[in-house]
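Structural overview
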Amino acid sequence: MKGGDVVSVYSDIKGKCKKGAKEFDGTKIFLGNGISERSRKEIFSRLPELKGIGVRMTDPVYLSPSFDSVLPSYLFLQNLPSAVVSHVLDPQPGEKILDLCAAPGGKTTHIAALMRDQGEVIALDKISNKVEKIKQNALLLGLNSIRAFCFDGTKALKLDTVKDTDGEPPFLPESFDRILLDAPCSGMGQRPNMACTWTLKEVTSYQPLQRKLFTVAAELLKPGGVLVYSTCTVTLAENEEQVAWALKTFPHLQLQRQDPQVGGEGMLGAGLSSEQRKRLQRFDPCVVPSQDSDTGSLGDARIEDMIWLANKDCIGFFIAKFVKCKST
């Protein structure tokens, strides 16, 4: 293969193809055709400085146009549920908001935009290069209300009330009007995902961390404040079970209805009532039955059909909304 050759691109589903192999009969999925930007020798030269595009796709199977670098100071590409989350949080101008696990900053910048950049949005993440990405996105979108810190969210609650941190983490209890906890999770709702290498131990390791973060968030929230918990996974343990645990552990928190309500209701199996499950949003494409739909007639579609389509064509996601009824 030389630069400029027309090539076909496949995904090696089970990760069995050896680097540089000239033939492969294992499990694979066709992704489309393209034009090689590099020769075979260059691609497999192992040069550390070799970066960039290896194959420029000309006939991909998935025909969604790329929005990379399209009006970057005006547009930020998000999955549907990720955009819904910020609307469910419903931040208001002048409020103090905490995004507890904020990187790369899509929801953070959306929150600031919904507040018309009036107020204060605190964004935390414990990985420094991800925090820099939040700052870059805020700068690119011209948002001045965002303050991003490299800080472990599980330690964001300030227990010593003597020393003032001048608005930096950790924070005093009941400091925020609204808090978004878009928690670290197993990410099993992300798609397209051609292969899965997670172990059961990895998948089940997130629940304790999520509970630590939730406990901090509940303490940092003002009375009357809103706490939104979300994940991009589909497991019962990280979603409905966490809601049931939160309602039992924090009696001052009440589960609220959400607006907009686009996703389906919560799953059975965590001990939640039917009414409680209806107050959750679960985006779970894998449970939606196949159905013939004419996308050309969406202009005349019923709202129920639009919701069905939206729920089907997005990543797996979960949202729960709480209000803190009294001070702790």
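Residues numbered from 1 in each chain as written. Predicted model: local features only at pLDDT ≥ 70, side-chain atom pairs only at ≥ 80, totals over all residues. Heavy atoms only, no water.

As for the packing of aromatic side chains
The description of an aromatic ring pair uses the distance of the two centres, along with the angle that the planes make with each other. Formally: Side-chain rings of Phe, Tyr and Trp (the six-membered ring for Trp) are treated as a pair once their centres are within 6.5 Å; stacked means planes under 30 degrees apart, edge-to-face means over 60, and tilted covers the remaining angles. Secondary structure elements are taken from DSSP: a helix is a run of H or I of four residues or more, a strand is a run of E of two residues or more, and numbering for both begins at the N terminus. Buried residues are those whose accessible area, probed at 1.4 Å on protein chains only, stays under 20% of the maximum for their type, while exposed residues exceed 50% and partly exposed ones sit between those limits. Placement of a positive charge over a ring is assigned whenever Lys NZ or Arg CZ falls within 6 Å of the ring centre and within 35 degrees of the normal to the ring plane.
In this structure the tally under the stated criterion is seven aromatic pairs. Measuring from centroid to centroid gives 5.8 Å for phenylalanine 214 and tryptophan 245, while their planes differ by 75°, and the two rings are edge-to-face. With phenylalanine 214 in helix 6 (residues 206-220) and tryptophan 245 in helix 7 (residues 240-249), this residue pair connects regions lying 31 residues apart in the sequence. The interplanar angle of 80° and the centroid separation of 5.4 Å between the aromatic rings of phenylalanine 214 and phenylalanine 322 together place this pair among those described as edge-to-face. Here phenylalanine 322 lies in strand 11 (residues 317-324) and phenylalanine 214 lies in helix 6, a separation of 108 residues in the sequence. The residues phenylalanine 214 and phenylalanine 322 share a single accessibility class, namely buried. In this structure an aromatic cluster arises from ring pairing among Phe214, Tyr229, Trp245, Phe250 and Phe322. The positively charged end of lysine 28 is found above the aromatic ring belonging to tyrosine 10, 4.9 Å away from the centroid.

Some remarks on the pattern of salt bridges
For clarity, the cut-off: For this document, the term salt bridge refers to a Lys or Arg side-chain nitrogen within 4 Å of an Asp or Glu carboxyl oxygen.
As enumerated under the stated definition, the model contains twelve salt bridges in all. Taking the shortest distance from any N to any O, the salt bridge between lysine 107 and aspartate 182 comes out at 3.1 Å. With lysine 107 in helix 3 (residues 106-114) and aspartate 182 in strand 7 (residues 176-182), the pair connects residues that are 75 residues apart, well separated along the chain. Residue classification places lysine 107 among the buried residues on the basis of a relative accessible area of 13%.

Focus: helix 7
Quick note on the threshold: Contact definition: two residues touch when any of their heavy atoms are within 4.5 Å.
What helix 7 keeps buried is the set Glu240, Gln242, Val243, Trp245, Ala246 and Leu247. Buried positions along helix 7 lie against helix 6, strand 8 (221-231), strand 9 (253-255), helix 8 (274-278), strand 10 (281-283) and strand 11.

Let's talk about unusual backbone geometry
Between alanine 103 and the following residue, proline 104, the backbone shows a cis peptide bond with an omega angle of 5°. Within the secondary structure, proline 104 is located in the loop between strand 4 (96-99) and helix 3. Not every positive phi belongs to a glycine, and arginine 116 is a case in point at roughly 55°. By the secondary structure assignment, arginine 116 is in the loop between helix 3 and strand 5 (120-125). Even without glycine at this site, glutamate 174 takes up a positive phi of about 55°. Looking at where glutamate 174 falls in the secondary structure, it is placed in the loop between strand 6 (146-150) and strand 7.

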